[in-house]
Amino acid sequence: MDPQRWKQEVLKKYPSKVAKKREKSIMVHEGADNIKPIQANVRTIPGIITQRGCTYAGCKGVVLGPTRDIVNLVHGPIGCSFYAWLTRRNQTLPPTPDSPNYMMYSFSTDMQDSNIVFGGEIKLKQACREAFELFKPKAIGIFSTCPVGLIGDDVHAVAREMKEELGINIFGFSCEGYKGVSQSAGHHIANNALVKHVIGLTDKAVEGKYKINMLGEYNIGGDAFELERILDKCGISLNSSFSGNSTMEQFERAHMADLNVVMCHRSINYVAEMMEKKYGIPWFKVNFIGAEASAKSLRKIADYFGDQDLKNRVEEVIAEELAIVKKSIDEIKPRTDGKMAMLFVGGSRAHHYQELFNELGMSTLSAGYEFGHRDDYEGRRVIPTITIDADSRNIEELTVEADPMKFKPRKTEEELKALEALDFNGYDGMLAEMAKGTLIIDDLSHYEMEKLIEIYHPDVFCAGIKEKYCVQKMGIPLKQLHSYDYGGPYAGFEGAVNFYKDIDMIVNTSIWKMIKAPWEAEPVIEAEYAA
Amino acid sequence: MEAVKSPKKTFVSTRNACKLCAPLGASVVFKGIKGCLPMIHGSQGCATYIRRYMISHFKEPVDIASSNFSEETTIFGGNRNFNTGIENIIQQYNPEVIGIASACLSETIGEDIPRLIREYRTVNASKALPVFVNASTPSYQGTHMDGFHEAVSSVVANLAECGETGTHINIFPGFVSPADLRHLKDILTDFGLDYVLFPDYSDSLDNPHWKEYQIIPEGGTAVSEIKRTGTAKASLEFGYILNLGGINSRITESKAAFTAAQWLEKNRSVIRCKLGMPIGINETDRFFKQLEELSGKPTPNRYERQRGRLVDAYVDGHKYVFGKRAIVYGDEDMVVGLVAFLTEIGIEPVLVASGGESGILKREIERITEGKYPQMKVVSGMDFESINEMTEELKPDIFIGNSKGYYISRRLGIPLVRVGFPVHDRFGAQRLQHLGYEGTQQLFDRITNALIEYKQEHSPVGYKYI
Ligand code: SF4
Ligand code: SF4
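Keep in mind the model is a prediction, meaning the values are calculated, not measured.

Draft legend 1. View of the interface of chain B and chain A. Taken together, the contact between chain B and chain A spans 74 residues of the former and 75 residues of the latter. The junction of chain B with chain A conceals about 6500 Å² of combined surface from both sides, 62% of it contributed by carbon and sulfur atoms. Along the contact surface separating chain B from chain A lie two salt bridges. B:K19 serves as the salt-bridge partner of A:D110, at 2.7 Å between the closest nitrogen and oxygen. Classifying every residue of the side of chain B that touches chain A gives 31 nonpolar, 26 polar and 17 charged. Sheet topology places strand β3 (residues 107-108) of chain A next to strand β1 (residues 14-15) of chain B; two bridges connect them, and they run antiparallel. Looking at β1(B), one finds that A:F107 is bridged to B:R15.

Right, dumping it as structure tokens:
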């Protein structure tokens, strides 16, 4: 079915006001040279079943969740804390069995009736003391859930008081779920707090000649371990990771790196921006999803440092790794070539994973983000034109200035100019790499998803667990790209090979042939399922 | 890394909760109504998390809408969001029923959902509207089980009609697995009873593969059936605790401090038969006896044989299980049922724990065990860290409960037999059986085999025969 027609059919089902709104979030792409604006990062309409989570989920679960030595204390009723208890499959590897690791703990003030009526600050303070007494952690983060703001508890004041009393770093987040339109607002809030309360606390950098920070990599399924392996092999030192397999110390020394590379632009670009202003660390976008993309990203980093030794080393590593990758592609691609994927996930994955599918000869027919902004679709150049609505205004915009003591330009103006090709502070977004005629849908609703599957029958649909069983009931395999379906890593070179194997397995399984029972009549030929 | 041990201390914080939040329970109930789409009136995150959690257990599509509060809504009230939400649901899904659960946020600002429903009905009086049901489920007043029972009572109180008493019976099984529900239906059918089972998510949360996509999964108790609960001759209700704790615990306000069967007894004169969860032989015997009385028929041979086989298994398995020490945790009525069963097979429940706080768990456990285990600890309002800290002293051989206790059993290197909800680290949670002779047989086999496996793995010889 022609995508324009698909769009019209789907919109018909909505009440007219809703259709008007959804209209702007569904777009038939006109090609990289004719990128049109798309509506993104606006509130989901009530009653529409969305993939999105809440601000708190983005703040606690995504950004701070993967850091092992901070105690995350959730201030609110129990559910919010329970549901965010180790559900994201991010991994961590403490150096010794005795090293602090609080990731498997879900601490909550478990607010009760009386706390809602009389306020929960006293309970919160007590909970801080308990966390301290139990673990003597380096830091405690306090996360507010919906009722907190409403009943007027001041988590920041409590944090300050407890910091004083207990003598460790304690900070709060006003990340009440309703504040933003999705997880995205929570990312921003978390970024702000890291800049305000953590980054810059210690000047002891990691050892090494080429020190970088990896931003927006969350070690789902062990991705960070694979990237650590590659960087290590190239002789590049990882000074800090935001935040896969990370520690508080890594955040504290982040300002000592020579370069920030950004994986997931959506969730962490604020930290990259602020660190540049405050400490003079340049940043650029990389992508380690896909073997070619990984090679390209490594070259970018080597070019930045400009050192011939490093460049040589990086080329050696790439050659070695790609040889293995190629073998795998040669074997698998004949079985996957020409198949079709759809990706609706996250704020960068729906873009990044297209690389991997391309490598398998698979095309992406439709894609969209769950919580991306316009810049994630259209590229950062549209940022000045993005309208700020009430929901975005809710989230604090930190203004940072060059730190009088710690600001240090890493490159001169001329050097940066010469390196322009690295595209500092740039990101072209998803649309620049998608084919003309593809369907771009922001904040895909459950209903729209059903219609996509029904009409287009992709060979694989990528989303999360909430969509999984629904799509599979329709006879289409779903690959979870939040949790990787218990697989992974998928980043880097070994990750790419893992992904090829998993996709091969998925799109070439024989299960679907069994759907029809032998006693059933021949199915009616279904019309109009052309790609 | 281990927490610094301080078993004596009591905490105000909840560390690794052994309970979920109230709208989840209500959503499960709404999924057990035919043609129902649940909506959570509050922020979008709650609906997303709750869907996510139910899906990871049932491995089925679970659609739950949200009225998606924004900052503005928290100030001006949720009425516009409510109306838009309902309108959208009707337009896209055209459900027969919309089940609305409140959440912490909407309750905090004092939203009155019955009023919102009334107003919506009035404004749209000319249209054919779905049936609306609702449950008041603030999570700061109780757990997912309180939400579950609140929804059951509230739906029944809303729909049960008056009329002449029929020959049918009601059965309110509580929060059990889809396979349990299917088994119950078989039993009732075999007794030749006309029954209303509510909630019935045996299909809607465990559907076969579909030929054609169903926008609202099939299965569930039809509204017309729920209406019939009012004219039944009796109600069977599993669980001694249910939401009765409301009377002597802190859960008081705005809640249905009655169970569905209580309400029907009081308002529709339907006889209420109180039963425990039929786990183990004693409790199942009571259930079957009740069915014999209600149907006027003897227990069908099939179940007699199931019972016989179960007794046979108890005898043969005795040597593996007797004297073992178990930590049992989960929903209050589920643990009462499990303890009743463990007592029969000679496993000593050294700790019985629940995140629920009805205030009557201890009393019920003591009643069921008849003081057999003076050392046994029964603790309400428990979290997993408190359980963790008690293990040193309790020296358990086995854990019986949901997936969340896995990290402790792993640390101790002892088996965990997964029951109840949530079970998201094993496949087939929707098909786990707990109830009846058949379900008990499954449980008994699983527990026995877990203990045998432990013994085998820890034996230096590696026996092949046991
Ligand atoms: S706010 Fe309440 S209803 Fe929402 S997830 Fe948290 S505990 Fe559950
Ligand atoms: S109450 Fe708020 S913070 Fe908690 S899950 Fe719901 S939306 Fe998120």
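Still more to cover.
Draft legend 2. Examining the site of ligand 2 more closely. Looking at ligand 2, the residues that line it are A:C54, A:Y56, A:C80, A:T145, A:C146, A:G177, B:S43, B:G45, B:C46 and B:Y49. Chains contributing residues near ligand 2 are chains A and B. The greatest single-element share of the shell around ligand 2, amounting to three residues, is contributed by helix α2 (residues 44-58) of chain B. Its residues assigned to classes, the shell around ligand 2 comprises six nonpolar, four polar and no charged.

Draft legend 3. Region of the structure containing the domain arrangement of chain A. Residues and elements named next belong to chain A. By domain assignment, chain A separates into domain 1 (55-177) and domain 2 (211-332 + 377-422). Each of domain 1 and domain 2 has a C-alpha centre, and these two points are 28 Å apart. Across the boundary between the two partners, domain 1 contributes 17 residues, which contact 16 residues of domain 2. Contact between domain 1 and domain 2 buries roughly 1400 Å² in total, counting both sides, with carbon and sulfur atoms accounting for 56%. For the interface between domain 1 and domain 2, the tally reads one salt bridge. Residue E252 pairs with K138 through a salt bridge whose shortest N-O separation is 3.4 Å. Sort the elements by how many residues they give to the side of domain 1 that touches domain 2 and helix α3 (residues 55-64) lands first, with three residues. When the residues that make up the side of domain 1 that touches domain 2 are grouped by side-chain class, the tally is eight nonpolar, four polar and five charged.

Draft legend 4. Just the sheet that holds strand β7 (residues 195-197) of chain B, in detail. Residue and element names in this part refer to chain B. Strand order in the open sheet formed by four strands is β7-β6-β8-β9, and the pairing between neighbours is parallel. Of all strands in the sheet, those with a lone pairing partner are β7 and β9 (271-275), marking the two edges. In this sheet, adjacent strand axes meet at a mean angle of 20° when their direction is disregarded. Pairing geometry for strand β6 (residues 169-172) and β7, over three bridges, is parallel. Looking at β7, one finds that I171 is bridged to L197. Lying on the sheet, helix α8 (residues 178-190) is in contact with β6, β7 and β8 (234-238); it crosses β7 at an angle near 175°. Helix α10 (residues 260-268) contacts β6, β8 and β9 of the sheet and is inclined by roughly 155° relative to β8.

Draft legend 5. Just the environment of A:G347, in detail. Secondary-structure assignment places A:G347 in the loop between β10 (340-344) and α15 (349-359). With near-sequence residues (within four places) excluded, A:G347 lies in contact with A:R266, A:Y369, A:F371, A:G372 and A:D376.

Draft legend 6. Main features of the pairing of strand β8 (residues 259-262) of chain A. Residues and elements named next belong to chain A. Here β8 shows no split at all, with L259 and V261 on one side and N260 and V262 on the other all buried. The pairing of strand β6 (residues 210-217) with β8 spans four bridges and is parallel. Each bridged residue has a counterpart across the sheet, and for N213 the counterpart in β8 is N260. Where β8 lies against strand β9 (residues 283-285), three bridges are found, and the strand directions are parallel. Bridge pairing links V262 to K285 in β9. Taken together, β8, helix α12 (residues 265-279) and β9 constitute a β-α-β crossover, and its handedness is right-handed.

Draft legend 7. Expanded view of the pattern of salt bridges. All names here are of chain A. Per the stated rule, a full pass over the model turns up 54 salt bridges over all chains. Residue R129 pairs with E165 through a salt bridge whose shortest N-O separation is 2.6 Å. Placement of the pair is R129 in helix α6 (residues 121-135) and E165 in helix α8 (residues 155-166), with a sequence separation of 36 residues. Among the salt bridges present, the one from K406 reaches D203, with a minimum N-O distance of 3.4 Å. With K406 in the loop between α17 (390-393) and α18 (413-418) and D203 in the loop between α9 (183-197) and β6, this pair connects stretches of sequence that are 203 residues apart.

Thresholds applied
Residues numbered from 1 in each chain as written. Chains lettered and ligands numbered in written order. Predicted model: local features only at pLDDT ≥ 70, side-chain atom pairs only at ≥ 80, totals over all residues. Heavy atoms only, no water. Contact = heavy atoms within 4.5 Å. Buried area = accessible area lost by both parts, 1.4 Å probe. Salt bridge = Lys/Arg side-chain N within 4 Å of Asp/Glu carboxyl O. Nonpolar A, V, L, I, M, F, W, Y, C, P; charged D, E, K, R; others polar. Pairing = 2+ DSSP bridges. Helix = DSSP H or I, 4+ residues; strand = E, 2+ residues; numbered from the N terminus. Near = heavy atom within 4 Å. Domains from an automatic or database assignment. Axes fitted to C-alpha atoms, helices over the stretch in contact; angles between N-to-C directions. Buried < 20%, exposed > 50% of the residue type's maximum accessible area, 1.4 Å probe, protein only. Right-handed = clockwise from strand over helix to strand, strands pointing away.

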